[in-house]
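The lines below spell out each chain.
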Amino acid sequence: MRRQAVSAAPARGPGQVKEDPERARKAPGSASREDAEGSAARRAARTQRLRNALLSLCSAALGLVVWIVLAHSGIQGFPGPASVLSRGWQLLRDGVLLDDLGASLRRVLTGYVIGTALAVPVGFAMGWYPVVRRLIEPWLQFFRMVPPLAVIPLAIVLMGIGETPKIFVIFLAAFLSCVVSTFQGVVSVDPTLVSAARVLGAGDARVFLGVVVPASSPFILVGMRIGLGAAWATVVAAELIAAQSGLGFRMQQAQLYYDLPTMFVQLIAIGTVGLAMDRLLLLAEHRLTGWQERR
Amino acid sequence: MPSIEFNEVRRDFGSRAGGFLALDGVSLTIEDGEFVTVVGPSGCGKSTLLNVAAGLLDATAGSVTVDGEEVRGPSPERGVIFQQYALFPWMTVSQNVEFGLKVAGVGRAERRAAARRVIDMVGLADFADALPKTLSGGMKQRCAIARAYAVDPKVLLMDEPFGALDALTRVRMQDALLETWSRDRRTVMFITHDVDEAVYLASRVVVMAARPGRIHRIVPVDLPYPRTEEMRLSAEFADLRRQVWNAVYHQPSTLEGNSS
């Protein structure tokens, strides 16, 4: 899965303890050698980090060059970095950008929080009780195939043009991605862990709260990350269709006035905020599920 | 006295293509303080037998009693050690060891002290706060053994506990286990597929046969405890090993010729 690819490296670091205590104690002369190995490993890690940073910088520079070339290649109205930057500054100073950002974020967070808050218990119920799974899964699989955006026209007709339909589709997007992975997490809990808890005297409640919940938390967090991505993508699209504020709405307006720099500013803002939220959840994931044995 | 008694235990796993008889008419008594190993080819039901004793599987017919009480569901009185360690990966070594005590409602300080004691016993004192992912296989299994010991079970049921370890670690773990066992003489039922291990550890080796899973032969091991490396190389050991080997690997493959 993706989360394994993201951080396969730190699992078997050179500083990791893999030695039996007897053996470790029986080698008093080896301490300095281990130190030397450790510092060599640290140096290697530092070089690696420096190299990665340089490559990222190169990547950014390359992107900028491609952009400038495109801007000068004669595509009608294609803005260069300078005009986008000045427009961005102007929008920021006017407060328009932050207002739009606030409006979009409010919708996303409302829908996302409700969606995941409902998805986690539903996912657990599906994983824990086969009856619940049989009842819910067909609907889940069906609605997963319907892009949340396709629900917008119906939602607007039913719920009006206020905030409700937008929050509803975001809720739907977040819920659907999160519920599936929570359910997967519960189903894939190692049965010997459950047996181990039972033979130590744990009852149903203890097995559920003490074993099933923590064991499936990596799946839930991955689901929450995917859900956030889906929610963010959905809000922008929803605002394109029907809204009076938000990043998507501003882009829609800019399209009407042929205002390409503004569209670029919106696109960059959307990408940046999305990335920041994803990194934040990734950080939380590492903090909370660092106990995982990664292969 | 904590003995384990299997009474005509039968277990079948129903399936659409007819049933599969994992155990048929297994009767065995493991005496108090006895160390019994169970060997047999794969599919002979040795793990099923252990799971029935642990209360993780129900017997289709017959019964298991431990210390005179019939087994109904898992209980901390019967400690189980699994081949795949089954440590809770999000808990440190000491949290793993304390789990059973916490379930039993033992207070924090008392829990700490008890955990410390068994962690010291298995030689993991320096790793009490380590996560399982940083431990080697042998250390993980020692942690699992400490976790089982922490709740002071009447009997220990071990399901190929050293099966996933390398040969050298395995020998060390066997000696460590015997040393612990010789101190408190807890009744042990130990499943393995390693004939050497079976003979080295046990006072009796139970050899099972497959299809249906049943007891084929019981080989008493008349070597005294403590078992030593010299013993492992002795002629008596070789002879016992041969007996068990023959019983495991040259057994009738079907029911024919076997009265059951």
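Each value, and the rule that gives it
- All residue numbers refer to positions counted from 1 along the written sequence of the respective chain.
- Note on labels: chains are lettered from A, ligands numbered from 1, in written order.
- Only residues with pLDDT of at least 70 get local features here, since the model is predicted, and only at 80 or more are side-chain atom pairs given and counted; chain-wide, interface and lining totals rely on the full set of residues.
- By convention in this description, side-chain values take in all heavy atoms of the structure and omit both hydrogens and water.
- Two strands make a pair as long as DSSP finds a minimum of two bridges between them.
- Where helices and strands are cited, they refer to DSSP runs of H or I of at least four residues and of E of at least two residues respectively, numbered from the N terminus.
- Only heavy atoms matter for contacts: two residues are in contact if any of them lie within 4.5 Å across the pair.
- Comment: axis = line fitted to C-alpha atoms, over the contacting stretch for helices; angle = value between 0 and 180 degrees taken between N-to-C directions.
- A pair of aromatic rings is counted whenever rings of Phe, Tyr or Trp (Trp by its six-membered ring) have centres within 6.5 Å, and the orientation is called stacked for planes under 30 degrees apart, edge-to-face for over 60 and tilted otherwise.
- Three exposure classes are used, based on accessible area relative to the maximum for each residue type with a 1.4 Å probe and protein chains only: buried under 20%, partly exposed in between, and exposed over 50%.
- By definition, being over a ring means that NZ of Lys or CZ of Arg is both within 6 Å of the ring centre and within 35 degrees of the ring normal.
- Each crossing gets its handedness from the near helix: less than a right angle anticlockwise from the far helix is left-handed, clockwise is right-handed.
- Classification used: nonpolar for Ala, Val, Leu, Ile, Met, Phe, Trp, Tyr, Cys and Pro, charged for Asp, Glu, Lys and Arg, polar for all others including Gly.
- Where each domain begins and ends is defined by an automated method or by a domain database.
- Accessible area that two parts lose when put together, with a 1.4 Å probe and added across both, is what the buried area reports.
- Salt bridge criterion: a side-chain nitrogen from Lys or Arg within 4 Å of a carboxyl oxygen from Asp or Glu.
- Any pair of N or O atoms that falls within 3.5 Å is considered a polar contact. Within protein, one atom must be able to donate a hydrogen and the other to accept it, and sequence-neighbouring residues count only if both atoms are side-chain atoms.

Participant: When you look at the sheet that holds strand β4 (residues 61-66) of chain B in this model, what are you seeing that I'm missing?
Facilitator: Residue and element names in this part refer to chain B. Strand order in the open sheet made by the four strands is β2-β1-β4-β5, with antiparallel pairing throughout. Since the sheet does not close on itself, it has two edges, and those belong to β2 (20-30) and β5 (69-70), each with one partner. Bridge count between strand β1 (residues 4-13) and β4: five bridges; the pairing is antiparallel. Bridging from a neighbouring strand, Asn 7 pairs with Ser 63 of β4. In the packing of helix α1 (residues 46-54) onto the sheet, the strands contacted are β1, β2 and β4, and the crossing angle to β1 comes to about 115°.

Participant: Would you take a moment to explain the packing of aromatic side chains for this structure?
Facilitator: Aromatic ring pairs: the centre-centre distance and the angle between the two ring planes describe each pair. Within this structure, the stated rule accounts for 17 aromatic pairs over all chains. Ring geometry for Trp67(A) versus Phe264(A): centroids 5.7 Å apart, planes at 10°, classification stacked. Placement of the pair is Trp67(A) in helix α3 (residues 31-72) and Phe264(A) in helix α12 (residues 260-288), with a sequence separation of 197 residues. With respect to class, Trp67(A) is no different from Phe264(A); both count as buried. With a centroid separation of 6.4 Å and 70° between ring planes, the pair formed by Tyr200(B) and Phe237(B) is classed as edge-to-face. Here the residue Tyr200(B) occupies a position in helix α6 (residues 195-201), and Phe237(B) occupies one in helix α8 (residues 235-249), the gap between them amounting to 37 residues. In terms of burial, Tyr200(B) and Phe237(B) fall into one category: buried. An aromatic cluster of at least three residues, connected via ring pairs, comprises Phe35(B), Phe162(B), Trp181(B), Phe190(B) and Tyr225(B). Over the ring of Phe88(B) we find Arg147(B); its NZ or CZ atom is 4.9 Å from the centre of that ring.

Participant: It is not clear to me how the packing of helix α5 (residues 96-128) of chain A against helix α10 (residues 204-241) of chain A should be interpreted in this structure. Could you clarify?
Facilitator: Axis angle and axis distance: for two packed helices, these are the angle between their axes and the distance between the axes, and together they describe the pair. Residues and elements named next belong to chain A. The interhelical angle for the contact between α5 and α10, taken along N-to-C directions, is 145°, at an axis separation of 8 Å. Once α5 is placed against α10, the crossing between them reads as right-handed. Here the contact of α5 with α10 is composed, by residue class, of 17 nonpolar, four polar and three charged.

Participant: Would you take a moment to explain the domain arrangement of chain A for this structure?
Facilitator: Bring the parts together and some accessible area is lost; that lost area is often taken as the interface size. Taken domain by domain, chain A consists of domain 1 (30-70) and domain 2 (79-288). One C-alpha centre belongs to domain 1 of chain A, the other to domain 2 of chain A; they are set 33 Å apart.

Participant: In this structure, what is going on with the domain arrangement of chain B? I would like to understand it.
Facilitator: Residues and elements named next belong to chain B. Entries for chain B in the domain assignment read domain 1 (4-77 + 155-259) and domain 2 (85-152). Its C-alpha centre places domain 1 at a distance of 26 Å from the equivalent point of domain 2. Carbon and sulfur atoms supply 67% of the area buried between domain 1 and domain 2, which totals about 970 Å² over both sides. Along the contact surface separating domain 1 from domain 2 lie one salt bridge. Ionic pairing is found between Arg 186 and Asp 152, a salt bridge with its closest N-O pair at 2.9 Å. For the interface between domain 1 and domain 2, the tally reads two residue pairs in polar contact (both at pLDDT 80 or more). When contributions to the side of domain 1 that touches domain 2 are tallied by element, the ones reaching two or more residues are β7 (155-159) and α5 (167-184). At six residues, α5 tops the list of elements feeding residues into the side of domain 1 that touches domain 2. Taken together, the residues of the side of domain 1 that touches domain 2 break down into nine nonpolar, two polar and three charged.

Participant: Can you help me understand α1(B) in this one?
Facilitator: Counting along an α-helix, one turn takes 3.6 residues, and residues three or four places apart therefore face a common direction. Residues and elements named next belong to chain B. Among the nine residues in α1, eight count as buried, and that is most of the element. Where α1 is concerned, the buried positions are Lys 46, Thr 48, Leu 49, Leu 50, Asn 51, Val 52, Ala 53 and Ala 54. Looking one or two residues beyond α1, the residue adopting positive phi is Gly 55, at roughly 85°.

Participant: What am I meant to see in the interface of chain A and chain B here?
Facilitator: Taken together, the contact between chain A and chain B spans 28 residues of the former and 31 residues of the latter. Taken together, both faces of the contact between chain A and chain B bury some 2600 Å²; the carbon and sulfur share is 64%. Looking at the side of chain A facing chain B, the largest losses of area belong to Val199(A), Leu200(A) and Trp291(A), adding up to 28% of the total buried there. Our enumeration of links across chain A and chain B arrives at zero salt bridges. Counting across the chain A and chain B interface gives one residue pair in polar contact (both at pLDDT 80 or more). Only α2 (21-25), α9 (191-199) and α10 of chain A provide two or more residues apiece to the side of chain A that touches chain B. Per-element accounting of the side of chain A that touches chain B gives the leading share, seven residues, to α9(A). Per-class residue counts for the side of chain A that touches chain B are 12 nonpolar, seven polar and nine charged.

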